[in-house]
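Spelled out, the chains give:
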Amino acid sequence: MTLDGWLEIALVLGAVLIAARPLGLYMARVLQGERTLLAPVLRPLERRLYSAAGIDAGKEQGWLAYTLAMLAFSAAGFLVLYVLMRLQASLPLNPQGFAGVPPDLAFNTALSFVTNTNWQSYAGETTMAHIVQMAGLTVQNFVSAATGIALAAAVTRAFARSGSATIGNFWVDMTRATLYILMPLAIVVAFAYVISGVPQTLLASTGVTTLEGAKQTLSLGPVASQEAIKQLGTNGGGFFNANAAHPFENPNAWSNMLSIWSMLVVSAAMTFAFGRMVGDARQGHALLAAMGILLVAAVALVYGAEAAGNPILAKLGIDASAGNLEGKEIRFGQALTALYIAATTGLSCGAVNAMHDSLTPLGGLAPMFLMQLGEILPGGVGSGLYGMIVMAILAVFVAGLMVGRTPEYLGKKIEAREMKLAILALLILPFAILGFAAASAVMPSALESLANAGPHGLSEILYAYSSAAGNNGSAFAGLNANTPWYNTTLGLAMLLGRFAYVVPVMAIAGSLAAKRKIAPSAGTFPTHGGLFVGLLVGVILILGGLQYFPSLALGPVVEHFLMQSGKTF
């Protein structure tokens, strides 16, 4: 690790914080229905969309109606995307002449993009036609991210309101998140990508002559537009198989920094929007501080592990001064590669600018653990905020037990119903991750997909289900996941991680919205200071450790000690 490397990391994170506050305040105004700079242009379009869909924008929904609307919309999106992939051979804008996608892969991919996971068991440039990339995958990049923002807004209103039977209107929240937040940002960022060298064309490919004089065909397509919303919406699905390690998705150091900034800015801004909507900016600052502490710690672990290199290779006489460079792009460097790895897995993004399967054991442990914590550091757009709020509820419950008081959070008493629902939500991820991973670890047909045996093979399986259930989408690429077993079970893990998690969270929102806000008293535990931030960080780490440490000990931890002793499995 070097000082220059840490300065690069600080520069990117500083740029995120500078942009996040004004963006968060703007997002709060949008989600509260207030007039904004873009209202004169977009408000007529917004009204026409409601009229065409038969939506009464002035009618709010209770938590159950809100949740059912979200589930119905997501189910419709899954069906449309599945049919589009199956029929792509007969559709226009298919200059490559690709055939329809097989049923199990179409099932997996449709669930992947609808749940904001963007796990890809295929190579984009050899599987998906332009029509599917644009009208299918990119559309879901927008609306799945907008759905997360809408759900976070509904949960936030539960704390802002007192004695309310409603938490907003899903159709209005999702539409506004798309029109006023994601679409303008995506247009600006897409132009920035084009300027940095990312292609945006409907051509299928182009021929070039290499330096050696050979002829080569390079795949092309509308890359910049998909790249922009891929990062802003924490989607992560790449136009090309190599994702953001591909020079057409991520040509240089500037595009790499823009990618990291784009991934983080909306999720960080959600905490500022939360603070404004509940009427206390300090509450959002506390959540952001907890997210930032753990994210920077993960960056340090990845950076340190990768900069230290692999002692086995060093003993073979390979220069270890640059650290572990296997699977990395020299043009990005160790520091921004480490930040990218931690950011994309602390978020629910899943874009990669290096191959995670080539990380050192501890370098691979950090992103895996970030996903297992529930994608809350800072998490996906919207989903990270409501996931962190669940952790905050647990933290104030622990604080209440310590002093013998009924726990409170933002003026709402946290009682038995809320705690039961919070625990139910938290059990979803370990059930999906550890359950499916255990089944795959003992099935001979599933083990045939591994590129490695021993601890690293277990890590490949564990990482895949952590990524799917956490709605991340990155992978230890040594696992061949394009099989009926993995396509199906990973799809089910994505489904559970998104919808089985959010239903109890929305029930918590409905319960809290109906409660009257109470004034703070002398015994109220303050949730905006350093003590609460420390407690929240501790609760997150303890919960993660208790649930996943045994499996991590059998995978990356064992592999690390084997590497240090100079042994391989």
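See the structure above.
**Student:** Explain the overall build of the protein chain here, please?
**Tutor:** When helices and strands are counted, the protein chain shows 19 helices and four strands. Against the globule reference of 25 Å for 569 residues, the protein chain gives a C-alpha radius of gyration of 23 Å, in line with a compact fold. Each principal axis of the C-alpha distribution contributes one length, and for the protein chain these read about 75 × 55 × 45 Å. Relative to its 569 residues, the protein chain shows a buried fraction of 57%. Looking at the protein chain alone, contacts between residues at least 24 apart form 79% of all its contacts between residues at least 6 apart. Carbon and sulfur atoms make up 68% of the accessible area of the protein chain, which totals about 21,100 Å². Charge separation in the protein chain, taken as the distance between the mean sites of 28 positive and 25 negative side-chain charges, equals 15 Å.

**Student:** What exactly am I supposed to notice about the nonpolar core here?
**Tutor:** When a protein is soluble and globular, its nonpolar side chains tend to lie buried together. With 160 residues, the main nonpolar core has Met388, Tyr409 and Leu536 as its most contacted residues. Leave out the neighbours within four places in its chain, and Met388 touches Leu287, Ala290, Met291, Ile376, Leu377, Leu536 and Ile540. Counting 14 residues, the second-largest nonpolar core is a separate cluster that includes Leu84, Leu105, Ala106 and Val132.

**Student:** Where do I start with the pairing of strand E2 (residues 215–219) in this structure?
**Tutor:** A regular strand places its side chains so that they alternate between the two faces of the sheet. In this structure, strand E1 (residues 205–209) lies alongside E2, joined through five bridges in antiparallel fashion. Looking at E2, one finds that Val208 is bridged to Gln216. In this antiparallel pair of consecutive strands, E1 and E2, the connection spans five residues, and Gly213 shows a positive phi of 90°.

**Student:** Any chance you could explain the environment of Ser383 here in plain terms?
**Tutor:** With respect to the helices and strands, the residue Ser383 is situated in helix H14 (residues 383–403). With relative accessibility at 14%, the residue Ser383 sits in the buried group. For the pair Ser383 and Asn471, spaced 88 residues apart in sequence, the C-alpha separation works out to 9.7 Å. Ignoring sequence-local partners within four residues, the contact set of Ser383 consists of Gly148, Ser348 and Arg498.

**Student:** Sorry if this is basic, but what is going on with the environment of Ala438 here?
**Tutor:** Mapped onto the elements, Ala438 comes out in helix H15 (residues 416–442). Judged by its relative accessible area of 42%, Ala438 is partly exposed. Considering only alpha carbons, one finds Ala438 and Ser551, 113 residues apart in sequence, at a separation of 9.7 Å.

**Student:** Just to check I follow, could you spell out unusual backbone geometry for this structure?
**Tutor:** A negative phi angle characterises most non-glycine residues, just as the trans form characterises most peptide bonds. At the junction of Leu377 and Pro378, the peptide bond is cis and its omega measures out at 0° in the coordinates. The backbone phi angle of Glu375 is positive, close to 55°, even though this residue is not glycine. Structurally, Glu375 can be placed in the loop between helix H13 (361–372) and H14. For Glu375, a relative accessible area of 2% corresponds to the buried category.

**Student:** I'm lost on helix H10 (residues 281–308) in this one. Help?
**Tutor:** Because each turn of an α-helix spans 3.6 residues, side chains separated by three or four positions in sequence point in the same direction. Over its 28 residues, H10 extends 40 Å from the first C-alpha to the last, a length consistent with the 40 Å expected when each residue adds 1.5 Å. Following H10 by one or two positions, Gly309 adopts a phi angle in the positive range, close to 80°.

**Student:** How do you make sense of the packing of helix H1 (residues 3–31) against helix H7 (residues 170–196) when you look at a structure like this?
**Tutor:** A pair of packed helices can be characterised by two numbers: the angle between their axes and the separation between those axes. Close contact between H1 and H7 brings their axes to 9 Å; oriented N to C, the two are set at 150°. Here H1 lies roughly antiparallel to H7, going by the angle between them. Crossing geometry of H1 relative to H7 is assigned as right-handed. Across from Leu23, Tyr26, Met27, Val30 and Leu31 in H1, the residues of H7 making contact are Asp173, Arg176, Tyr180, Ile181 and Leu185. Across the contact of H1 with H7, the residue classes tally to eight nonpolar, no polar and two charged.

Rules used throughout
Residues numbered from 1 in each chain as written. Predicted model: local features only at pLDDT ≥ 70, side-chain atom pairs only at ≥ 80, totals over all residues. Heavy atoms only, no water. Helix = DSSP H or I, 4+ residues; strand = E, 2+ residues; numbered from the N terminus. Rg over C-alpha atoms; globule rule 2.2 N^0.38 Å. Buried < 20%, exposed > 50% of the residue type's maximum accessible area, 1.4 Å probe, protein only. Contact = heavy atoms within 4.5 Å. Areas by Shrake-Rupley, 256 points an atom, 1.4 Å probe, with all protein chains shown as cover. Lys, Arg positive; Asp, Glu negative; His and termini not counted. Charge placed at Lys NZ, Arg CZ, Asp CG, Glu CD. Core = buried A, V, L, I, M, F, W, Y, C linked by side-chain atoms within 4.5 Å. Pairing = 2+ DSSP bridges. Expected span 1.5 Å × (residues − 1). Axes fitted to C-alpha atoms, helices over the stretch in contact; angles between N-to-C directions. Parallel < 35°, antiparallel > 145°, perpendicular 65-115°, else oblique. Left-handed = near helix turned anticlockwise from the far one by under 90°. Nonpolar A, V, L, I, M, F, W, Y, C, P; charged D, E, K, R; others polar.

The values are spatial; any link to function lies outside them.
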